[in-house]
Amino acid sequence: MIRNVLGSIVALLGAAAAVLSPFRDWYDGRLGRYYGVDDLFTGITAAHPGVLGSILLPFLFAAVLAVVGVVLRFRPLVALAGVLVLGFTVLWMVRQGQAAGSLTVAGDGSGLQLGVAGAAGGGVLLLLGAALMSGRGRDRGLADRPDRREQPYAAPGSADPDTWPPTREPGPSVQTSPWPEPEVDPYVGPAPGRPSGPPSGPRTGPASGAPRDPDTEPTATYPVQDRPDDPDRPDRPSPSGT
């Protein structure tokens, strides 16, 4: 974020310097807007073109590119603006050197002046601003990170063939033994070796004051009646009384 802000400020300063440079003296007291765009390709002449036909036009176009690049945080667009400004400045210096025979820097204003320095400095600031900007962080992060929607989960390796990718939890076929899994015995009766019948002996009640527990209280034994055909059994009286 800080890099984007700092780079944007530097780039905007460079664009402003490039646009203001044609309104200053470039060479031998002549303003930069008095040099036509055609003079940069055919040769320097003494004609004074209009504002939109002067060297100001490519500088305005470069400034628009720089502003759009700063707003969109698109570094290549800002760098392109800096290349345009420096390219037209160098091209003018070549044509002016051919027309004057040489380029000089004099203190009396007869050579290169501040307008050229402003144009060259503006191009350098534009390139520096593009270098300082970090660009669009979100798009760059998405470009570096693969799209999860397009790439499914990787197949499990041979070490864990029965795991499900999202949670890595064991799947339904983790049993690797060929034998069936052991089952729990459903029998819940008394343990082996413990008597299962009712206890014998007289019935004893619980201690006084203690609650009765029907599950643990011993069962009382009752006398067994004789069978009807038992010879030792005494005769029972008949219903008629005889």
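Just above sits the structure.
As the structure is a prediction and not an experimental result, all values here were calculated from the model.

Caption draft 1: Here's a closer look at the overall build of the protein chain. Of the regular secondary structure elements, the protein chain holds six helices and two strands. Across the 242 residues in the protein chain, those meeting the buried criterion constitute 26%. Within the protein chain, residue pairs in contact and separated by at least 24 positions form 59% of the contacts whose partners lie at least 6 positions apart. Carbon and sulfur atoms make up 61% of the accessible area of the protein chain, which amounts to about 17,400 Å² in all.

Caption draft 2: Spatial organisation of the nonpolar core. Ranked by internal contacts, the top residues of the largest apolar core, which has 28 residues, are Trp26, Phe59, Val78, Trp92 and Leu126. Mapped onto this core, the elements with two or more residues apiece are helix H1 (2-20), strand S1 (25-27), helix H3 (56-72), helix H4 (75-100) and helix H5 (114-132). A per-element tally of this core places H3 first, with seven residues.

Caption draft 3: Spatial organisation of unusual backbone geometry. The backbone of Asp28 sits at a positive phi, close to 55 degrees, despite the residue not being glycine. We note that Arg73 has phi near 55 degrees; this positive angle belongs to a residue other than glycine. As for its position among the elements, Arg73 is in the loop between H3 and H4. Assessed through its relative accessible area of 37%, Arg73 is described here as partly exposed.

Caption draft 4: Representation of H5 within the structure. Over its 19 residues, H5 extends 26 Å from the first C-alpha to the last, a length consistent with the 27 Å expected when each residue adds 1.5 Å. The set of residues buried in H5 consists of Gly115, Val116, Ala119, Gly122, Gly123, Leu126, Gly129 and Ala130. One side of H5 carries all its buried residues, which in axial view fall inside an arc of 165 degrees. Structurally, H5 contributes buried residues whose contacts are with H1, S1, H3 and H4.

Caption draft 5: Fine view of the environment of Gln98. Within the secondary structure, Gln98 is located in helix H4. Overall, the relative accessible area of 55% leaves Gln98 in the exposed class. C-alpha of Gln98 to C-alpha of Gly43: the two residues are 55 residues apart in sequence and 8.0 Å apart in space. A distance of 3.1 Å separates polar atoms of two side chains, one belonging to Gln98 and the other to Arg95.

Caption draft 6: Seen up close, the packing of aromatic side chains. Scanning the model with the defined rule gives three aromatic pairs in all. Each ring, one from Trp26 and one from Trp92, has its centre 5.0 Å from the other, and the planes form 85 degrees; the classification is edge-to-face. In this pair, Trp26 sits in strand S1 while Trp92 sits in helix H4, placing the two residues 66 residues apart along the sequence. Considered together, Trp26 and Trp92 belong to a single accessibility category, that of buried residues. Ring geometry for Tyr35 versus Trp92: centroids 5.4 Å apart, planes at 80 degrees, classification edge-to-face. Of this pair, Tyr35 sits in the loop between strand S2 (30-31) and helix H2 (39-42) while Trp92 sits in helix H4, and the two are 57 residues apart along the sequence. Neither Tyr35 nor Trp92 differs from the other in exposure class; each is buried. In this structure, Arg30 packs its charged tip against the face of Tyr35, placed 4.2 Å from the ring centre.

Caption draft 7: A look at the packing of H4 against H5. Between H4 and H5, the shortest axis-to-axis distance is 8 Å and the interhelical angle comes to 155 degrees. Our classification of the angle between H4 and H5 gives roughly antiparallel. Seen from above, H4 lies across H5 with left-handed handedness. Listed contacts from H5 to Arg75, Val78, Ala79, Ala81, Gly82, Val83, Val85, Leu86, Thr89, Trp92 and Met93 of H4 are Val116, Ala119, Ala120, Gly122, Gly123, Val124, Leu126, Leu127, Ala130 and Ala131. In the contact of H4 with H5, the residues fall into 16 nonpolar, four polar and one charged.

Analysis parameters
- Residues numbered from 1 in each chain as written.
- Predicted model: local features only at pLDDT ≥ 70, side-chain atom pairs only at ≥ 80, totals over all residues.
- Heavy atoms only, no water.
- Helix = DSSP H or I, 4+ residues; strand = E, 2+ residues; numbered from the N terminus.
- Buried < 20%, exposed > 50% of the residue type's maximum accessible area, 1.4 Å probe, protein only.
- Contact = heavy atoms within 4.5 Å.
- Areas by Shrake-Rupley, 256 points an atom, 1.4 Å probe, with all protein chains shown as cover.
- Core = buried A, V, L, I, M, F, W, Y, C linked by side-chain atoms within 4.5 Å.
- Expected span 1.5 Å × (residues − 1).
- Arc of directions from axis to C-beta.
- Polar contact = N/O pair within 3.5 Å; in protein donor to acceptor, adjacent residues only side chain to side chain.
- Phe/Tyr/Trp six-rings, centres within 6.5 Å; stacked < 30°, edge-to-face > 60°.
- Lys NZ or Arg CZ within 6 Å of the ring centre and 35° of its normal.
- Axes fitted to C-alpha atoms, helices over the stretch in contact; angles between N-to-C directions.
- Parallel < 35°, antiparallel > 145°, perpendicular 65-115°, else oblique.
- Left-handed = near helix turned anticlockwise from the far one by under 90°.
- Nonpolar A, V, L, I, M, F, W, Y, C, P; charged D, E, K, R; others polar.

By themselves these figures say nothing about function.
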